[in-house]
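# Inside the fold
The lines below spell out each chain.
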Amino acid sequence: QKEVEQDPGPLSVPEGAIVSLNCTYSNSAFQYFMWYRQYSRKGPELLMYTYSSGNKEDGRFTAQVDKSSKYISLFIRDSQPSDSATYLCATKTSYDKVIFGPGTSLSVIP
Amino acid sequence: DAGVIQSPRHEVTEMGQEVTLRCKPISGHNSLFWYRQTMMRGLELLIYFNNNVPIDDSGMPEDRFSAKMPNASFSTLKIQPSEPRDSAVYFCASAAGSRDTQYFGPGTRLTVL
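Residues numbered from 1 in each chain as written. Chains lettered and ligands numbered in written order. Predicted model: local features only at pLDDT ≥ 70, side-chain atom pairs only at ≥ 80, totals over all residues. Heavy atoms only, no water.

### What about the pattern of salt bridges?
Residues and elements named next belong to chain B. Using the following cut-off: Should a side-chain nitrogen of Lys or Arg be within 4 Å of a carboxyl oxygen of Asp or Glu, the pair is scored as a salt bridge.
Evaluation of the coordinates by the stated rule reveals 11 salt bridges over all chains. Of the charged contacts, one joins Arg 64 and Glu 62 as a salt bridge, the two residues approaching to 2.8 Å between their closest N and O atoms. Here Glu 83 and Arg 85 are joined by a salt bridge, their closest N and O atoms 2.6 Å apart. Counted as one network, the salt bridges with shared partners bring together Glu 62, Arg 64, Glu 83, Arg 85 and Asp 86.

### Brief notes about unusual backbone geometry
For clarity, the threshold we go by: Under the DSSP-based scheme used, a helix requires at least four consecutive residues in state H or I and a strand at least two consecutive residues in state E, with every element numbered from the N terminus.
Here the residue pair Gly 9 of chain A and Pro 10 of chain A is connected by a cis peptide bond, since its omega of 10° sits within 30 degrees of zero. Among the structural elements, Pro 10 of chain A can be located in the loop between β1 (4-6) and β2 (11-14). The amide bond that connects Gln 80 of chain B to the next residue, Pro 81 of chain B, takes the cis arrangement and shows omega of -5°. The residue Pro 81 of chain B is located in the loop between β8 (74-79) and β9 (88-95) in this model.

### Re the sheet that holds strand β8 (residues 71-76) of chain A
Residues and elements named next belong to chain A. Rules: Only when DSSP finds a minimum of two bridges between them are two strands counted as paired. Lines fitted to C-alpha atoms define the axes, with helix axes restricted to the stretch in contact, and inter-axis angles between N-to-C directions lie between 0 and 180 degrees.
Judged by pairing direction, the sheet is antiparallel, and its 5 strands sit side by side in the order β1-β3-β8-β7-β6 without closing on themselves. The sheet terminates laterally at β1 and β6 (54-58), the two strands that pair on one side only. When the angles between neighbouring strand axes are averaged without regard to direction, this sheet yields 20°. In this structure, β1 lies alongside strand β3 (residues 19-25), joined through 3 bridges in antiparallel fashion. Among the inter-strand pairings, Glu 5 is bridged to a residue of β3, identified as Thr 24.

### Things to note about the nonpolar core
Our working rule: Residues belong to a common nonpolar core when they are buried Ala, Val, Leu, Ile, Met, Phe, Trp, Tyr or Cys residues joined through side-chain atoms within 4.5 Å. Note on exposure labels: buried denotes an accessible area under 20% of the residue type's maximum, exposed denotes more than 50%, and partly exposed covers the range between, all computed with a 1.4 Å probe on protein chains only.
Membership of the largest hydrophobic core comes to 24 residues, with the highest contact counts inside it found for Trp 35, Leu 74 and Tyr 87 of chain A. Those elements that place two or more of their residues in this core are β3, β4 (32-38), β5 (45-51), β7 (61-66), β8, β9 (85-92) and β11 (104-109) of chain A. At 4 residues, β3 of chain A tops the list of elements feeding residues into this core. If you look at the next biggest cluster of nonpolar residues, it comprises 21 residues, including Leu 21, Cys 23, Leu 77 and Ile 79 of chain B.

### A word on the state of the cysteines
The cut-off we apply is this: Here, a disulfide means two cysteine sulfur atoms that sit within 2.5 Å of each other.
One pass over the full model with this rule turns up 2 disulfides over all chains. Here Cys 23 of chain A connects covalently by a disulfide to Cys 89 of chain A, the sulfurs 1.8 Å from one another. Taking the sign of the S-S torsion, -100° for the link of Cys 23 of chain A and Cys 89 of chain A, the bridge is left-handed. Of this pair, Cys 23 of chain A sits in strand β3 while Cys 89 of chain A sits in strand β9, and the two are 66 residues apart along the sequence. Here Cys 23 of chain B connects covalently by a disulfide to Cys 92 of chain B, the sulfurs 1.9 Å from one another. An S-S torsion of about -65° defines the bridge between Cys 23 of chain B and Cys 92 of chain B as left-handed. You can see Cys 23 of chain B sitting in strand β3 (residues 19-24) and its partner Cys 92 of chain B sitting in strand β9, a full 69 residues away along the chain. As far as the burial class goes, Cys 23 of chain B and Cys 92 of chain B line up, both buried.

### Describing the interface of chain A and chain B
A common way to state how big an interface is: give the accessible area lost once the parts meet. Short version of the rule: Pairs of residues are marked as contacts when any of their non-hydrogen atoms sit within 4.5 Å. Buried area is a sum: the accessible area each of two parts loses on coming together, probed at 1.4 Å, counted once for each and added.
Taken together, the contacts link 16 residues of chain A with 17 residues of chain B. Of the roughly 1,300 Å² buried where chain A meets chain B, counting both sides, 51% is carbon and sulfur surface. In terms of surface lost to chain B, no three residues of chain A exceed Arg 41, Lys 97 and Phe 100 of chain A, which account for 35% of the buried area on that side. At the junction of chain A and chain B, the tally comes to 0 salt bridges.

Here it is, written out as structure tokens:
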């Protein structure tokens, strides 16, 4: 079993839709949870960073962590064509390296 | 700040040749990471340095891979000899500290024929 699993997609939605991206992880010691966005032929860039369970909102983006079920979600409201990218979830303990999921490819159609 | 700089952006080489990838981290960052990204395996950490010292190289696939960081502003990842299965995008990332946010470079797309 991989430490972090993610549906690779591709996911295609119309502009303005609410997008839900999800990950599961296996190690209950993970405490830090991140979402990275990667545009085609670019490096990943940090989008959201949360610690432990709960929600964090930043503009149109909401990250949600449920440690009891080892489930991580990213919601995008009012999706835009510029949101088209691959989204990688990532997690780590307080002292260990970051483990990335394989990424979900998202296309927002105008 | 220019961000993390990687060179070359693209490299095409033949099997058996030596390949050297270069990275300049963000000034002031003390941690540097080398990743490899493929469709099959996703983004994998190969090695990371803290204050120019290799801390964890458990992700380096085999002895053909080596990495150095001679100073705080430069690192290399070398593959010798290269094989077709090394074809991937190699990213360098830097962070203020090993637990801090990592900033990725644009990557080097390596093709080994």
